[in-house]
Amino acid sequence: MTLLADPRRTEDGAKRAVLGALVKVLIHRREERGMVVEPYAGRCVRAGELHELVSTDVTDGTPGTRVNRVGFLGFAEISRAGVIDRGDTVWIAGRPVGTVLGFDACHFPNHYNILISTGEPVTGAELDLAPEAEVRFAQSR
């Protein structure tokens, strides 16, 4: 069997997990946020960068998809650089939270909003998150 037999795998080799820690827990939600899924399937992140973690009930990661119903989880500082890809599993404090849906760049270059499909929008407070909780983005396949 070759990797080319599965078109999803033609450009998606193995990778290490991206690690970080929550630096701020967020407790709010929005019903009409108006975020937009960027056309990028993955983004490189560097150690020391901060990115916002946003939960949503949206499951369609097609570029241009509007993301209105969101819950804000928090800001994470990246401690181990790498590539975060659409479809990665997001773990916080050792628990799987959801799957990377994509990225919204409305605040870039300050930070990306990393959109996480969670079934229902949840906030950091609702998940009982705390500063310094480990954040992990791991390849799902």
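Quick note: structure is the one above.
Quick caveat: nothing in here was measured; it's all calculated off a predicted structure. (Residues numbered from 1 in each chain as written. Predicted model: local features only at pLDDT ≥ 70, side-chain atom pairs only at ≥ 80, totals over all residues. Heavy atoms only, no water.)

Q: Which residues make up the nonpolar core, and what values do they have?
A: With 21 residues, the main nonpolar core has Leu-53, Leu-73, Ile-84, Ile-92, Ile-114 and Phe-137 as its most contacted residues. For this core, the elements supplying multiple residues, two or more each, are strand E1 (18–25), strand E7 (70–80), strand E9 (89–92), strand E10 (95–104), strand E11 (113–117) and strand E12 (134–138). When residues no more than four places from it in sequence are discounted, the contact partners of Ile-114 are His-51, Glu-52, Leu-53, Val-54, Ile-84, Val-100, Gly-102, Phe-103 and Phe-137. Grouped together as the second largest cluster of nonpolar side chains are eleven residues, Met-35, Val-58, Phe-75 and Leu-101 included. (Core = buried A, V, L, I, M, F, W, Y, C linked by side-chain atoms within 4.5 Å. Buried < 20%, exposed > 50% of the residue type's maximum accessible area, 1.4 Å probe, protein only. Helix = DSSP H or I, 4+ residues; strand = E, 2+ residues; numbered from the N terminus. Contact = heavy atoms within 4.5 Å.)

Q: How would you summarise the pattern of salt bridges if you had to cite specific residues and measurements?
A: Any two side chains of opposite charge can pair, on the condition that their charged atoms come close. Counting across every chain of the model gives six salt bridges. Residue Glu-126 pairs with Arg-29 through a salt bridge whose shortest N-O separation is 2.5 Å. Remark: Arg-29 occurs in strand E2 (residues 29–30) and Glu-126 occurs in the loop between E11 and E12; sequence separation between them is 97 residues. Exposure remark for Arg-29: the relative accessible area of 33% places this residue in the partly exposed category. The partner of Arg-69 in a salt bridge is Glu-31, with the nearest N and O atoms 3.4 Å apart. (Salt bridge = Lys/Arg side-chain N within 4 Å of Asp/Glu carboxyl O.)

Q: A description of the packing of aromatic side chains should follow, citing residues and the corresponding values.
A: All told, the structure shown has two aromatic pairs when counted by the stated rule. Chaining the aromatic ring pairs together yields one cluster made of Phe-103, Phe-108 and Tyr-112. (Phe/Tyr/Trp six-rings, centres within 6.5 Å; stacked < 30°, edge-to-face > 60°.)

Q: Talk me through the environment of Gln-139; I want residue IDs and the actual numbers.
A: Structurally, the position occupied by Gln-139 is in the segment after E12. The partly exposed category is assigned to Gln-139, whose relative accessible area is 22%. Sequence separation of Gln-139 and Ala-21 is 118 residues, and the distance between their C-alpha atoms is 18 Å. Residues in contact with Gln-139, not counting those within four places in the same chain, are Asp-12, Gly-13, Ala-14, Lys-15 and Asp-88. At 3.0 Å, the side chain of Gln-139 and the backbone oxygen of Gly-13 are in polar contact. Polar side-chain contacts of Gln-139 include one of 3.2 Å to the backbone nitrogen of Lys-15. (Polar contact = N/O pair within 3.5 Å; in protein donor to acceptor, adjacent residues only side chain to side chain.)

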